[in-house]
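# Examining the three-dimensional arrangement
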Amino acid sequence: MALDISRSIEACAAHYGDEAEAMRDYLIDGQARALALPNRGPIRFGEDKKLHPDIMASYLKHGFYVFENVITAEELSDIKDDLKAMRANFPVHMGAELDKDGNPALGVGHAAPNLEWARPLSDPLGATQISNGRHPVKLFEPRAADDAPPAVPLVVLGSLQFSPACLRTYAHPQLLKIAESINGEDFAPFNETLFIKDAGLGAAVSWHQDGDTHYNENFDETVHGFNFMAQVYGSTAVNGVWAVPGSHKLGRVDIVKWVEEAGSERLPDAVPMITNPGDVVISNRQLVHGSFANTGFEPRVTVNFGFHRRSSVLNVKGAGIHSEAVVYDEAYLTERARVIGLGINARAQRFPHETPYHYQPLAGREENYIWSPEVQASLKDYNLKDVSI
Ligand SMILES: O=C(O)CCC(=O)C(=O)O
């Protein structure tokens, strides 16, 4: 049952001036089209213990699938506690070294990128060269309230170093089993991010495709891997990610042309990813997707993490978007997979009645991956070794 967001739809449309009615219709129509798609339901596995073939077929067709009720209330509560602690440790403003209590702020002094800010309701990436210029169009930037702060958090990169709860969710046994079904039992890590879209403030992420490297040679519909997007508060047509179903099969899409042809940033075939708290979306990294500024009343926080097929990344030169563009050899991938081993152990300690996931590439070396608060601290800057293709 989707949340009633009529007030947010009205509030969002009201920002669009002459196009208010078009925006309202787009949100309402997109919501209906999203809910009519046959790409949602609980996680199910087939007799072979792999992702159920019907789900796999739907995911491969549409490029995303909403797994309902994956994260329990107990686990969500752990994540919310960590989010609260992280927010309390955010710099008092963008660029500050201290948090509100005068402590060294989250991420200060780290070598790898972590907390990134944006002007409220802006589109900081659209029509820039950031991330190899993969967001070619600037989205409409609604005007934020006069009392809005000058900058608000948008993403936390390398999120697992800041949140043991997110580290545990990263190792959710059913989600890792899905990763195995899609990318093989030797699946490789990618990167982990929190997307923060506070109500009335959260910035946009313009239309883009995540995958960057494999469009000319070796392209296929799943070659750039996928993201899991676990929803802490749910996601809606106003605050959520929109995607064009099936666009993951098209190779590199000319997004500028699509927007020109549509006559506006409202891509006609896009639908929002509508979820309740605790649902997890799986999203192909080649899908054309993006999110509008959150002009509504519901917050969104996405616990985002992805996985690759080993053959897509092993001995491949990275795109340089999330980390330095180096060639990923076995040693690099094993080092980066440390968070998978630690996540599995951290999860087993927190949820001892669950059967942990068995990650084949680290088999026999489990004793090297025992989580503790001290070991958690050693994850500082682990995202210098993101696997970016
Ligand atoms: O969560 C969002 O708003 C954007 C997510 C996204 O673009 C991504 O995961 O690539």
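Residues numbered from 1 in each chain as written. Predicted model: local features only at pLDDT ≥ 70, side-chain atom pairs only at ≥ 80, totals over all residues.

## Structural notes on the overall build of the protein chain
- A count of helices and strands for the protein chain gives 12 helices and 12 strands.
- A compact globule built from 389 residues would reach a C-alpha radius of gyration of about 21 Å, and the protein chain, at 20 Å, matches this within 12%.
- Seen through its C-alpha atoms, the protein chain measures out along the principal axes to roughly 65 × 50 × 40 Å.
- Sorting the 389 residues of the protein chain into buried and exposed places 50% on the buried side.
- Within the protein chain, residue pairs in contact and separated by at least 24 positions form 81% of the contacts whose partners lie at least 6 positions apart. (Helix = DSSP H or I, 4+ residues; strand = E, 2+ residues; numbered from the N terminus. Rg over C-alpha atoms; globule rule 2.2 N^0.38 Å. Buried ≥ 20, exposed ≤ 12 C-beta atoms within 10 Å, placed from the backbone. Contact = placed C-beta atoms within 7 Å.)

## Some remarks on the nonpolar core
- In terms of nonpolar packing, the biggest core is built from 103 residues, with Ala 243, Val 280 and Ile 282 touching the most fellow members.
- By residue number, the principal contributor to this core is helix H11 (residues 338-350), which donates 6 residues.
- Setting aside its immediate chain neighbours within four residues, Ile 282 contacts Tyr 59, Phe 64, Tyr 65, Phe 67, Ile 178, Phe 226 and Phe 228. (Core = buried A, V, L, I, M, F, W, Y, C linked by C-beta atoms within 7 Å.)

## With respect to the site of the ligand
- Inspection of the region around the ligand gives Phe 195, Val 205, Asp 210, Asn 227, Val 241, His 289, Ser 291, Thr 302 and Asn 304 as its neighbouring residues.
- For the shell around the ligand, the secondary-structure elements that each account for two or more residues are strand S11 (289-291) and strand S12 (300-308).
- In terms of residue class, the shell around the ligand is built from 3 nonpolar, 5 polar and 1 charged. (Near = placed C-beta within 6 Å. Nonpolar A, V, L, I, M, F, W, Y, C, P; charged D, E, K, R; others polar.)

## So, H11
- Here H11 spans 18 Å end to end across 13 residues, near enough to the 18 Å set by a 1.5 Å rise per residue.
- Of all the residues in H11, the buried ones are Val 339, Ile 340, Gly 341, Leu 342, Gly 343, Ile 344, Asn 345, Ala 346, Arg 347 and Ala 348.
- On its buried face, H11 is in contact with helix H6 (164-170), strand S5 (188-197) and helix H12 (373-377). (Expected span 1.5 Å × (residues − 1).)

## Structural notes on the environment of His 93
- For His 93, the location among the structural elements is in the loop between helix H4 (73-88) and strand S3 (115-118).
- Taking the number of C-beta atoms within 10 Å as the measure of exposure, His 93 has 11 and is therefore exposed.
- The spacing of His 93 and Thr 236 is 143 residues in sequence and 28 Å in space, taken between C-alpha atoms.

## Looking at the packing of helix H1 (residues 6-14) against helix H2 (residues 20-36)
- As a packed pair, H1 and H2 sit with axes 8 Å apart at the nearest point and diverge in direction by 145°. You can see that H1 and H2 cross each other, and the crossing is right-handed. Residues Ile 9, Cys 12, Ala 13 and Ala 14 of H1 touch H2, and the partners they reach there are Ala 20, Met 23, Arg 24, Leu 27 and Ile 28.
- By residue class, the composition of the contact of H1 with H2 is 8 nonpolar, no polar and 1 charged. (Axes fitted to C-alpha atoms, helices over the stretch in contact; angles between N-to-C directions. Left-handed = near helix turned anticlockwise from the far one by under 90°.)

## Considering unusual backbone geometry
- The backbone phi angle of Lys 49 is positive, close to 70°, even though this residue is not glycine.
- Relative to the helices and strands, Lys 49 is located in the loop between strand S1 (40-41) and helix H3 (53-62).
- On the basis of neighbour count, Lys 49 is assigned to the exposed category, with 9 C-beta atoms found within 10 Å.
- Even without being glycine, Ser 131 reaches a positive phi, approximately 55°.
- Within the secondary structure layout, Ser 131 lies in helix H5 (residues 130-133).
- Judged by local crowding, Ser 131 falls into the partly exposed class, with 16 C-beta atoms found within 10 Å.

## Considering the sheet that holds strand S7 (residues 226-231)
- As summarised here, the arrangement of the 8 strands in space is S1-S2-S10-S7-S12-S5-S4-S3, forming an open sheet in which the pairing is mixed. Only two strands of the sheet have a single neighbouring strand rather than two, namely S1 and S3.
- For strand S2 (residues 64-67) and strand S10 (residues 280-284), the ladder comprises 4 bridges, and the chain directions are antiparallel. Bridging across to S10, Val 66 finds its partner in Val 281. (Pairing = 2+ DSSP bridges.)

## Examining H3
- Burial in H3 covers these residues: Ile 55, Tyr 59 and His 62. When H3 is viewed along its axis, its buried side chains cluster within an angular range of 85° and face the same direction. In H3, the exposed positions that point more than 90 degrees away from the buried face belong to Asp 54 and Ala 57.
- Looking at the buried positions of H3, the neighbouring elements they touch are S2 and S10.
- Of the residues trailing H3, Gly 63 is marked for its positive phi of about 90°. (Arc of directions from axis to C-beta.)

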